[in-house]
Amino acid sequence: MTRRYFFTSESVTEGHPDKICDQISDTILDALLAEDPASRVAAEVVVNTGLVLITGEVTTKAQVNFIDLARKKITEIGYVGADGGFAASSCAVLVALDEQSPDIAQGVDSALEQRDLSDDEMDAVGAGDQGIMFGFACNETPELMPLPISLAHRISLSLATVRKNGDLTYLRPDGKTQVTVVYEDDKPVSIDTILVSTQHEPEVNGETEQKAVLEAIKKDLWSKVVEPVFADLEIKPDDSTKYLVNPTGTFVVGGPQGDAGLTGRKIIVDTYGGYSRHGGGAFSGKDPTKVDRSGAYAARYVAKNVVAAGLADKCEVQLSYAIGVAKPTSVLVETFGTGKVSEDVLLKLVEENFELRPAGIIQTFDLRGLPGKRGGRFFQDTAAYGHFGRNDLDLPWEKTDKADALKAAAGI
């Protein structure tokens, strides 16, 4: 008997209040690592009407202007007009940063294994905190991501693109998308619902009456934002697909004027749209010694290579760490019954082919060096539209360079 169900994922645009915070946090991280790759950073940001607060812990030799970095990023996102209650040139930017706790630093500077006289250079860095991280991959899309979150991100990015390139000049930066996909026997078969909520000017295409404004936006978004996303996909909207735009009727007040924003409050948007489990840790503003970030990237790298090797249709990897300890306290590989070899075999292959200690992850992905090598921006580009499945970015944890070795070792 066919099992039919619906799965929904959401995305947000770069102008969403929480995403503004993520991007400022990662802009700070990029600037500090570009100047001092050994920087320890935990940058948190709060935004509200006319206000940006930068707080957290930073230990670095870099000399950067935090206020200038925040204003430049806000300008890039698109908050430049004074009528939106939040603008790059007029908002107050407050800075309240401390140094990293020495109790944490001692465990990161020298892992427990090294303090126990290990001479392995991969034991030189202990995990910056305890915690659990998940990585996931599946064969629903070319980038090996679940289809619902992939579509939601594509639509959000398309929404920002038509705003910035002048196709739809009445759009403002804040926005959200949501896509519901119909599955049959765990395979996506159709699109049930597409939801787009976008901030806009009070007047749209010469219309000011609410009903006329909404109809104009709905028509424009379908032809310029939604349809192009599905142009190269086999699964497309059909006559039964529900299409919702700004269901409240109006979305003029938005951004930090409409809602306060916080760094790290969109962790499901950042990862797999709820399709996979999540360990609870956010990414943005954290340097690579924080395994919330680097461990999650490593887990995605493992899972993606397992699927790319054809060893499973779906793969979820869980890692766990103890603060100040280099080696993961546990590694779990789950294939949900889709594995072509046993999970015990997969676990052995993972342990033999992937370095999962923080120093090894940092070295494998060059996480300390990439901001400097890419002109002072690397992490900030991941801070909107997802950290995974990004074919528009050259992300080291998205490579499938281990797939052939895994396939050969598995004898498939």
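Refer to the structure presented above.
Residues numbered from 1 in each chain as written. Predicted model: local features only at pLDDT ≥ 70, side-chain atom pairs only at ≥ 80, totals over all residues. Heavy atoms only, no water.

Some details on the overall build of the chain
Stage number 1. For the chain, the count of helices and strands is 13 helices and 11 strands.
Stage number 2. The C-alpha atoms of the chain give a radius of gyration of 22 Å, which matches the 22 Å a tight globule of 412 residues would have.
Stage number 3. The proportion of buried residues among the 412 residues of the chain is 55%.
Stage number 4. A sequence separation of at least 24 residues applies to 74% of the contacts in the chain between residues at least 6 apart.
Stage number 5. As presented, the chain carries roughly 17,000 Å² of accessible surface, and 50% of it is formed by carbon and sulfur atoms.
Stage number 6. Separation of charge centres in the chain, based on 42 positive and 62 negative side chains, amounts to 2 Å. (Helix = DSSP H or I, 4+ residues; strand = E, 2+ residues; numbered from the N terminus. Rg over C-alpha atoms; globule rule 2.2 N^0.38 Å. Buried < 20%, exposed > 50% of the residue type's maximum accessible area, 1.4 Å probe, protein only. Contact = heavy atoms within 4.5 Å. Areas by Shrake-Rupley, 256 points an atom, 1.4 Å probe, with all protein chains shown as cover. Lys, Arg positive; Asp, Glu negative; His and termini not counted. Charge placed at Lys NZ, Arg CZ, Asp CG, Glu CD.)

A few points about the nonpolar core
Stage number 1. In this structure, Val52, Ile74, Leu151, Leu221 and Trp397 are the most contacted members of the largest nonpolar core, which totals 100 residues.
Stage number 2. Per-element accounting of this core gives the leading share, 10 residues, to helix H9 (residues 291–308).
Stage number 3. Setting aside chain neighbours within four positions, we find Ile74 in contact with Ile20, Ile24, Val52, Tyr79, Phe86, Ala87, Ala88 and Cys91. (Core = buried A, V, L, I, M, F, W, Y, C linked by side-chain atoms within 4.5 Å.)

Observations regarding the sheet that holds strand E3 (residues 51–59)
Stage number 1. Pairing is mixed in the open sheet, where 4 strands are placed in the order E4-E3-E2-E9. Of all the strands in the sheet, the pair left with one neighbour each is strand E4 (92–98) and strand E9 (261–262).
Stage number 2. Relative to E4, E3 is paired through 7 bridges, and the arrangement is parallel. When the bridges of E4 are listed, Ile54 appears paired with Val95.
Stage number 3. Across the sheet, helix H1 (residues 17–35) lies against strand E2 (40–48), E3 and E9, angled at about 150° from E2, the strand it touches most.
Stage number 4. In the packing of helix H2 (residues 66–77) onto the sheet, the strands contacted are E3 and E4, and the crossing angle to E4 comes to about 130°. (Pairing = 2+ DSSP bridges. Axes fitted to C-alpha atoms, helices over the stretch in contact; angles between N-to-C directions.)

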